[in-house]
Amino acid sequence: MKAQYINSFYKAVLDVFRLMLDINPEREELTVVDDMIAGNEANVMIGITGDLAGSVLFGFTKDMTLEMVKIMSGMEMKKLDSFVSSALGEVVNIISGNAVTNLSKEGYTCDISPPQVIIGENRSISMATEKALTLPIKTEIGKFEINISVRENQ
Amino acid sequence: MWKEKYKIGVELIDGQHRELFRRVSDFVKTVQSEDKWDEKLSKVKETLEFMKAYVITHFDDEEAYQKEIGYPEYERHRQIHQRFKDEVQKYAEKFQEESYSEETVQEFGGKLMAWLINHVAGEDQKIGDFQNRGGSV
């Protein structure tokens with residue numbers, strides 16, 4: 001798996017976080033993991049089809065998710081309810097849409113499936129995929145990670 | 001919810017955006033309040049009816065303005081508006097089917113807020129930028 005796939009997502013995170021949240025994220029070290037597990041308190045899964053096929057899993061803590069929605073709404077958020085998870089899902093959807101645009105500039109034509117939000121860290125779901133890349137991202141309101149597992153369609 | 005950085009420098013459009021943000025903000029406040037769902041349902045329905053009509057008025061006005069200044073991305077922008085209107089319509093149908101379930105209305109609220117912020121802070125700014133450059137690409 002090539003680093004440029006994850007770079008397209010990282011660039012999209014930078015743009016969307018600056019635009020929507022006034023936050024400048026910073027990337028940390030990329031690691032390779034054996035499979036993808038939705039092990040965070042708030043997980044959002046996006047499927048990719050087209051020249052690249054696979055999935056991307058975003059994992060956030062509860063605190064960071066509530067803070068993100070607070071910045072957007074200007075209101076204190078207390079729990080990971082349908083409003084909060086839907087807002088988070090839409091942010092990830094926007095990020096992924098931008099990432100697909102970035103990938104198209106690299107010559108990959110792809111599409112994304114609607115985001116699937118998985119709340120609750122005990123709901124671990126093994127994606128049973130090939131190896132995945134994990135990119136931890138640091139922000140002033142917490143840390144989150146992007147896991148990506150895609151292959152090129154011949 | 002509204003931020004001054006969302007202004008694009010066109011009075012009519014900025015005014016409508018402010019109103020949209022105000023309404024979405026009210027809507028979120030209502031659906032997130034501790035009151036019983038039955039008690040807030042009339043306010044929820046009223047806001048949804050207003051939004052449905054207002055979004056169309058605003059999109060029409062904004063598209064007319066883009067045409068007037070010869071905005072080159074008019075067609076692409078119109079399609080983004082159309083996809084959003086379709087999405088709102090789908091939710092409106094779902095609300096009817098489910099008699100305005102709290103879960104679906106909350107879901108709609110979250111999506112609407114994030115969509116609006118991204119659209120106004122991103123896509124709509126390009127209209128202002130184009131106009132500020134004197135209408136050249």
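Above this text sits the structure in question.
Bear in mind the structure is a predicted one, so any value in this text is a computation, not a measurement. Along each chain, residues carry numbers from 1 onward, in the same order as the chain's sequence is written. The order in which chains are written sets their letters, starting at A; the order in which ligands are written sets their numbers, starting at 1. This being a predicted model, a pLDDT of at least 70 is required before a residue's local features are given, and a value of 80 or more before pairs of side-chain atoms are given or counted; all residues contribute to the totals for chains, interfaces and linings.

## Focus: the overall build of chain B
A count of helical and extended segments in chain B gives five helices and zero strands. A run of H or I in DSSP becomes a helix once it reaches four residues, and a run of E becomes a strand once it reaches two; helices and strands are each numbered from the N terminus. Each helix and strand of chain B, ordered N terminal to C terminal, gives the series α-α-α-α-α. Exposure is read from a count of other C-beta atoms within 10 Å of each residue's own; the residue is exposed at 12 or fewer, buried at 20 or more and partly exposed in between. C-beta atoms are placed from the backbone. Within chain B, buried positions represent 24% of all 137 residues. Remark: residues whose backbone-derived C-beta atoms lie within 7 Å of one another are considered to be in contact. When contacts within chain B are restricted to residue pairs at least 6 apart in sequence, those whose partners lie at least 24 apart make up 68%.

## A word on the overall build of chain A
Check the secondary structure of chain A and you find three helices and eight strands. Every radius of gyration here is taken over C-alpha atoms, with the globule rule written as 2.2 Å times N^0.38, N being the number of residues. Radius of gyration (C-alpha) of chain A: 15 Å, near the 15 Å computed for a compact globule of 154 residues. Counting only C-alpha atoms, chain A reaches 50 × 30 × 30 Å along its principal axes. Taken over 154 residues, chain A has a buried fraction of 44%.

## Focus on unusual backbone geometry
The residue A:D22 is not glycine, and still its phi comes out positive at about 55 degrees. Looking at the secondary structure, you find A:D22 in the loop between helix 1 (3–21) and strand 1 (26–27). With 12 C-beta atoms counted inside 10 Å, the residue A:D22 sits in the exposed group. Of note, B:S99 is a non-glycine position whose phi angle comes to about 50 degrees, a positive value. Looking at the element boundaries, B:S99 is found in the loop between helix 3 (74–97) and helix 4 (102–123). A count of 8 C-beta atoms within 10 Å places B:S99 in the exposed class.

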